[in-house]
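# Results of the structural survey
Here are the chains, one letter per residue:
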Amino acid sequence: GGHPSTSVAFQFYDDPVISSVNPSLGSSAGGTVVTLLGNLGVPLPKSSCRFGDQRATITWTSESEVSCTSPGGEAGSTVVPSLSLNGVDYVASPYPFRYIEDPEVQSIWPVQGHRGTNITVTGEAFERTNELKCVFE
(Lines give C-alpha, C1' and ligand atoms only; values in the text may rest on other atoms or scores of the structure.)
Protein backbone atom coordinates (compact mmCIF):
# COMPACT_ATOMS: atom_id res chain seq x y z
CA GLY A 1 0.00 0.00 0.00
CA GLY A 2 1.18 3.43 -0.94
CA HIS A 3 0.51 6.74 0.72
CA PRO A 4 -1.79 9.25 -0.96
CA SER A 5 0.11 12.27 -2.21
CA THR A 6 -0.98 15.86 -2.19
CA SER A 7 0.74 18.92 -3.49
CA VAL A 8 0.83 22.26 -1.75
CA ALA A 9 2.22 25.37 -3.40
CA PHE A 10 4.88 27.22 -1.45
CA GLN A 11 6.27 30.51 -2.68
CA PHE A 12 9.89 31.43 -2.01
CA TYR A 13 11.02 35.04 -2.17
CA ASP A 14 14.01 37.11 -1.11
CA ASP A 15 13.74 39.21 2.03
CA PRO A 16 13.10 42.89 1.36
CA VAL A 17 16.14 45.17 1.64
CA ILE A 18 15.25 48.65 2.95
CA SER A 19 17.77 51.29 1.85
CA SER A 20 16.01 54.43 3.13
CA VAL A 21 13.17 55.68 5.32
CA ASN A 22 11.85 59.18 4.60
CA PRO A 23 10.93 61.14 6.59
CA SER A 24 12.75 59.74 9.61
CA LEU A 25 10.47 61.52 12.09
CA GLY A 26 6.79 62.33 12.37
CA SER A 27 3.88 63.34 14.53
CA SER A 28 3.22 61.46 17.75
CA ALA A 29 -0.44 61.61 16.71
CA GLY A 30 0.38 59.35 13.75
CA GLY A 31 -0.63 59.84 10.13
CA THR A 32 2.85 60.55 8.72
CA VAL A 33 3.26 58.94 5.29
CA VAL A 34 6.70 57.33 5.37
CA THR A 35 8.35 56.13 2.17
CA LEU A 36 10.51 53.00 2.30
CA LEU A 37 12.89 52.59 -0.63
CA GLY A 38 15.03 49.62 -1.57
CA ASN A 39 14.82 46.20 -3.16
CA LEU A 40 11.49 45.45 -1.53
CA GLY A 41 10.17 42.56 -3.58
CA VAL A 42 6.81 41.82 -5.12
CA PRO A 43 3.66 43.04 -3.34
CA LEU A 44 1.74 40.06 -2.01
CA PRO A 45 -1.82 40.05 -0.59
CA LYS A 46 -0.63 39.78 3.03
CA SER A 47 2.15 42.39 2.73
CA SER A 48 2.26 44.75 5.67
CA CYS A 49 4.47 47.18 7.52
CA ARG A 50 4.91 47.98 11.18
CA PHE A 51 6.36 50.73 13.34
CA GLY A 52 7.75 48.87 16.30
CA ASP A 53 5.04 46.30 16.98
CA GLN A 54 2.14 48.40 15.63
CA ARG A 55 0.81 47.53 12.18
CA ALA A 56 0.52 50.35 9.67
CA THR A 57 -1.37 51.02 6.45
CA ILE A 58 0.73 50.06 3.41
CA THR A 59 0.60 51.25 -0.21
CA TRP A 60 2.87 49.70 -2.84
CA THR A 61 4.14 52.08 -5.53
CA SER A 62 6.63 49.64 -7.10
CA GLU A 63 9.04 46.84 -6.18
CA SER A 64 11.39 49.56 -4.94
CA GLU A 65 8.96 51.92 -3.16
CA VAL A 66 6.36 51.42 -0.44
CA SER A 67 4.46 54.02 1.59
CA CYS A 68 3.44 53.25 5.17
CA THR A 69 1.29 55.53 7.32
CA SER A 70 2.65 55.76 10.84
CA PRO A 71 0.41 54.92 13.79
CA GLY A 72 0.56 57.13 16.87
CA GLY A 73 3.42 56.85 19.35
CA GLU A 74 4.94 58.57 22.35
CA ALA A 75 6.72 61.85 21.52
CA GLY A 76 10.48 61.37 21.84
CA SER A 77 10.33 57.62 21.32
CA THR A 78 12.09 55.85 18.47
CA VAL A 79 10.75 52.77 16.69
CA VAL A 80 12.00 50.56 13.88
CA PRO A 81 9.90 50.45 10.71
CA SER A 82 9.70 46.96 9.24
CA LEU A 83 8.23 45.31 6.16
CA SER A 84 6.71 41.88 5.61
CA LEU A 85 5.69 40.25 2.35
CA ASN A 86 3.67 37.50 4.04
CA GLY A 87 2.31 39.33 7.10
CA VAL A 88 4.34 37.11 9.44
CA ASP A 89 8.09 37.50 8.82
CA TYR A 90 9.19 41.13 9.17
CA VAL A 91 12.47 42.63 7.99
CA ALA A 92 13.59 45.54 10.15
CA SER A 93 14.79 48.76 8.59
CA PRO A 94 18.31 49.82 9.52
CA TYR A 95 16.89 53.36 9.79
CA PRO A 96 14.77 54.30 12.83
CA PHE A 97 11.68 56.51 12.93
CA ARG A 98 11.26 59.04 15.75
CA TYR A 99 7.98 60.43 17.07
CA ILE A 100 7.91 64.16 17.79
CA GLU A 101 5.41 66.60 19.25
CA ASP A 102 3.41 68.48 16.65
CA PRO A 103 4.93 71.94 16.24
CA GLU A 104 2.71 74.86 17.17
CA VAL A 105 3.00 78.02 15.06
CA GLN A 106 2.28 81.13 17.14
CA SER A 107 3.16 83.86 14.65
CA ILE A 108 4.49 84.56 11.17
CA TRP A 109 6.15 87.85 10.19
CA PRO A 110 5.74 89.47 7.73
CA VAL A 111 2.32 88.17 6.73
CA GLN A 112 2.79 89.08 3.06
CA GLY A 113 5.62 89.73 0.66
CA HIS A 114 7.20 89.01 -2.70
CA ARG A 115 8.58 85.64 -3.78
CA GLY A 116 11.91 85.21 -1.95
CA THR A 117 10.90 87.34 1.06
CA ASN A 118 12.43 85.95 4.27
CA ILE A 119 9.87 85.24 6.95
CA THR A 120 10.16 84.52 10.66
CA VAL A 121 8.03 81.78 12.15
CA THR A 122 7.79 81.59 15.94
CA GLY A 123 6.21 78.86 18.00
CA GLU A 124 6.87 75.76 20.06
CA ALA A 125 8.14 72.21 19.51
CA PHE A 126 10.11 72.99 16.34
CA GLU A 127 12.55 70.18 15.67
CA ARG A 128 16.07 71.14 14.54
CA THR A 129 16.35 68.98 11.43
CA ASN A 130 16.93 69.21 7.69
CA GLU A 131 13.41 67.83 7.27
CA LEU A 132 11.77 70.96 8.77
CA LYS A 133 10.20 73.11 6.08
CA CYS A 134 7.53 75.73 5.44
CA VAL A 135 4.82 74.93 2.92
CA PHE A 136 2.71 77.67 1.38
CA GLU A 137 -0.63 76.59 -0.05
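Residues numbered from 1 in each chain as written. Predicted model: local features only at pLDDT ≥ 70, side-chain atom pairs only at ≥ 80, totals over all residues. Heavy atoms only, no water.

### Some remarks on the overall build of the protein
If you tally the helices and strands in the protein, you get zero helices and twelve strands. Going from N to C terminus, the protein has its helices and strands arranged as β-β-β-β-β-β-β-β-β-β-β-β. For the protein, whose C-alpha radius of gyration is 21 Å, the value lies well above the compact-globule estimate of 14 Å for 137 residues. Dimensions of the protein, computed from the C-alpha atoms along their principal axes, are close to 90 × 30 × 20 Å. The burial tally for the protein puts 28% of its 137 residues in the buried class. Taking contacts inside the protein between residues at least 6 apart in sequence as the whole, the part at least 24 apart equals 52%. Taken as a whole, the protein presents about 9600 Å² of accessible surface, with 51% of it coming from carbon and sulfur. Charged side chains in the protein number 7 positive and 14 negative. The centres of these two groups are separated by 3 Å. (Helix = DSSP H or I, 4+ residues; strand = E, 2+ residues; numbered from the N terminus. Rg over C-alpha atoms; globule rule 2.2 N^0.38 Å. Buried < 20%, exposed > 50% of the residue type's maximum accessible area, 1.4 Å probe, protein only. Contact = heavy atoms within 4.5 Å. Areas by Shrake-Rupley, 256 points an atom, 1.4 Å probe, with all protein chains shown as cover. Lys, Arg positive; Asp, Glu negative; His and termini not counted. Charge placed at Lys NZ, Arg CZ, Asp CG, Glu CD.)

### Focus on the layout of surface pockets
If you add up the space inside the largest pocket, you get close to 580 Å³. Forming the walls of the largest pocket are 23 residues, and the residues nearest its centre are P103, E131, L132, K133 and C134. When residues of the lining of the largest pocket are traced back to their parent elements, those giving at least two are β2 (25–27) and β11 (104–109). Ranked by the residues each element gives to the lining of the largest pocket, the list is headed by β2, at three residues. Broken down by class, the residue content of the lining of the largest pocket amounts to 14 nonpolar, four polar and five charged. Contributing to the lining of the second largest pocket are I108, P110, V111, Q112, G113, H114, T117, I119 and F136. Tallied by class, residues from the lining of the second largest pocket come to five nonpolar, four polar and no charged. (1 Å grid on protein atoms, 1.4 Å probe; cavity = no way out; pocket = protein on both sides within 12 Å on 5 of 7 lines; lining within 4 Å. Points joined across faces, edges and corners; volume = space filled by probe spheres on them. Nonpolar A, V, L, I, M, F, W, Y, C, P; charged D, E, K, R; others polar.)

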